[in-house]
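Chain by chain, the residues run as shown.
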Amino acid sequence: IGQVIEQVAVDVNLPRARCTLRGERDAKVDADALGRVLANLLRNALEASPSARVTIDARVVRGELELVVQDDGPGITGELADRVFEPFVSSKQKGTGLGLALSARVLSFLGGGLELLNPGEPGARFRVRVPIVASDDGEAEATA
């Protein structure tokens, strides 16, 4: 996952110095799905605050990779928080309101999830859960 996060940060133009990964780095997960979800969260952080700093705390919990992704932007208002995962709901003037809705659905399809942890508070904080990918011998792997 360390490589996925590094590549996503480059793809969305978030300087490496402003993106910190703490904890688990080697869990094997669906890199494409995780990359798309993280790209959306990092892009949202940058759009909310162009100088945003993002911290990602990673750990393995009961066969899942759990990431807590936090930025230092303005956060998501309490009134928008209840609808943030609905399609076409956005606080951005030019936003489609599809990014978080699609991210949540992709993770749900994989058996994971996406949730907003701090509605109405500064600095959006999301929990991303994605299943660990099984190795060739059928055992779930926590590390590479």
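Calculation criteria
Residues numbered from 1 in each chain as written. Predicted model: local features only at pLDDT ≥ 70, side-chain atom pairs only at ≥ 80, totals over all residues. Heavy atoms only, no water. Core = buried A, V, L, I, M, F, W, Y, C linked by side-chain atoms within 4.5 Å. Buried < 20%, exposed > 50% of the residue type's maximum accessible area, 1.4 Å probe, protein only. Helix = DSSP H or I, 4+ residues; strand = E, 2+ residues; numbered from the N terminus. Contact = heavy atoms within 4.5 Å. Arc of directions from axis to C-beta. Pairing = 2+ DSSP bridges. Axes fitted to C-alpha atoms, helices over the stretch in contact; angles between N-to-C directions. pLDDT = per-residue confidence, 0-100.

Let us now look at the nonpolar core. Burial of nonpolar side chains together is a common tendency in soluble globular proteins. Judged by nonpolar contacts, the single largest core of 40 residues is most densely connected at Leu34, Leu65, Leu67 and Val128. Top element by residues in this core is helix α2 (residues 31-48). It accounts for eight residues. Excluding anything up to four places from it in sequence, Leu34 contacts Ile1, Val4, Val29, Leu65, Leu67, Val128 and Val130.

The next thing to look at is helix α1 (residues 2-11). The complete set of buried residues in α1 reads Gly2, Val4, Ile5, Val8 and Ala9. The buried side chains of α1 occupy one side of the element, clustering within an arc of 160° when seen end-on. For α1, exposure combined with an orientation more than 90 degrees from the buried face picks out Gln3, Val10 and Asp11. Packing partners of the buried residues in α1 comprise β1 (19-23), α2 and β2 (54-61). Following α1 by one or two positions, Asn13 has its phi on the positive side, about 65°.

For the rest of this paragraph, the subject is the sheet that holds strand β3 (residues 64-71). A sheet is described by the order of its strands in space; here five strands give the open sequence β1-β2-β3-β5-β4, paired in mixed fashion. A single partner strand is all that each edge strand has here, and the edge strands are β1 and β4 (113-116). In this sheet, adjacent strand axes meet at a mean angle of 20° when their direction is disregarded. Where β2 and β3 come together, eight bridges link them in antiparallel fashion. Residue pairing across strands places Ile56 opposite Val69, the latter belonging to β3. Packing of α2 onto the sheet brings it into contact with β2, β3, β4 and β5 (125-131), and relative to β3 it is tilted by some 15°.

Below, the discussion takes up the pairing of β2. Direction of pairing for β1 relative to β2: parallel, over a ladder of five bridges. Paired with Gly23 across the bridge in β2 is Ala58. Where β2 hands over to β3, the hairpin turn is made up of two residues, of which Arg62 adopts a positive phi near 45°.

Moving on to the environment of Val61. Counting through the fold element by element, Val61 comes out in strand β2. Distance from Val61 to Ile132, taken between C-alpha atoms, is 9.6 Å for residues 71 residues apart in sequence.

Below, the discussion takes up the confidence of the model for the protein. Looking at the protein, the pLDDT average stands at 87 and 85% of residues meet or exceed 70. Contacts of residues 140-144 to residues separated by more than four positions or lying in other chains number 17 contacts, the stretch itself having pLDDT below 50.

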